[in-house]
Amino acid sequence: MKLGASNDVTITIQSTSDRAYDVRLLGLSTNNIFEVEEDKTKETLRVPAGEKKLTIQRFVIFTYDFGKR
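**Q** Looking at this model, I keep getting lost on the side chain of N7. Mind explaining?
**A** Looking at where N7 falls in the secondary structure, it is placed in the loop between β1 (2-3) and β2 (8-17). With a relative accessible area of 13%, N7 lands in the buried category. A polar contact is formed between the side chain of N7 and the side chain of S6, at a distance of 3.3 Å. At 2.8 Å, the side chain of N7 forms a polar contact with the side chain of N32. The residues contacting N7, other than those within four sequence positions of it, are N32, F34, R58, F59, V60 and I61.

This is the structure in C-alpha cells:
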C-alpha cells in the first residue's frame with residue numbers, strides 16, 4: 001500500500017498462485033466522498049490464479065484499529 005498526498009491510496013498486489021483467492025478491502029471507496037455509509041466501503045476483490053499484478057486505486061474513508069487489548 002502506498003499513501004498519496006491526502007486520503008488516496010494505491011494498493012499493488014503481485015501474486016503467483018495455483019488458485020484464485022479473495023482480498024477484502026474495508027473502509028475504502030472508489031470515490032472521494034466522505035458521506036458514505038460504512039457498509040458501502042466493504043469490497044471483495046478476486047485475484048485470479050496464475051502470475052498476476054494488480055494495481056487498485058481507492059480513497060480511505062474509514063480507518064480501523066485491529067490491535068489486541
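**Q** So what exactly am I meant to see when it comes to the pairing of β2 here?
**A** Remark: a regular strand shows side chains that alternate across the two faces of the sheet. Two strands pair when backbone bridges link them, and β1 and β2 are joined in this way by 2 bridges, in the antiparallel orientation. Its bridge partner lying in β2, K2 is registered against T10. Where β1 folds back on β2, the antiparallel hairpin that results is connected by 4 residues. The pairing of β2 with strand β6 (residues 50-60) spans 10 bridges and is antiparallel. Note that in β6 the partner of S15 across the bridge is K52.

So, how was this worked out
- Residues numbered from 1 in each chain as written.
- Predicted model: local features only at pLDDT ≥ 70, side-chain atom pairs only at ≥ 80, totals over all residues.
- Heavy atoms only, no water.
- Helix = DSSP H or I, 4+ residues; strand = E, 2+ residues; numbered from the N terminus.
- Buried < 20%, exposed > 50% of the residue type's maximum accessible area, 1.4 Å probe, protein only.
- Polar contact = N/O pair within 3.5 Å; in protein donor to acceptor, adjacent residues only side chain to side chain.
- Contact = heavy atoms within 4.5 Å.
- Pairing = 2+ DSSP bridges.

Just geometry here; none of it tells us what the structure is for.
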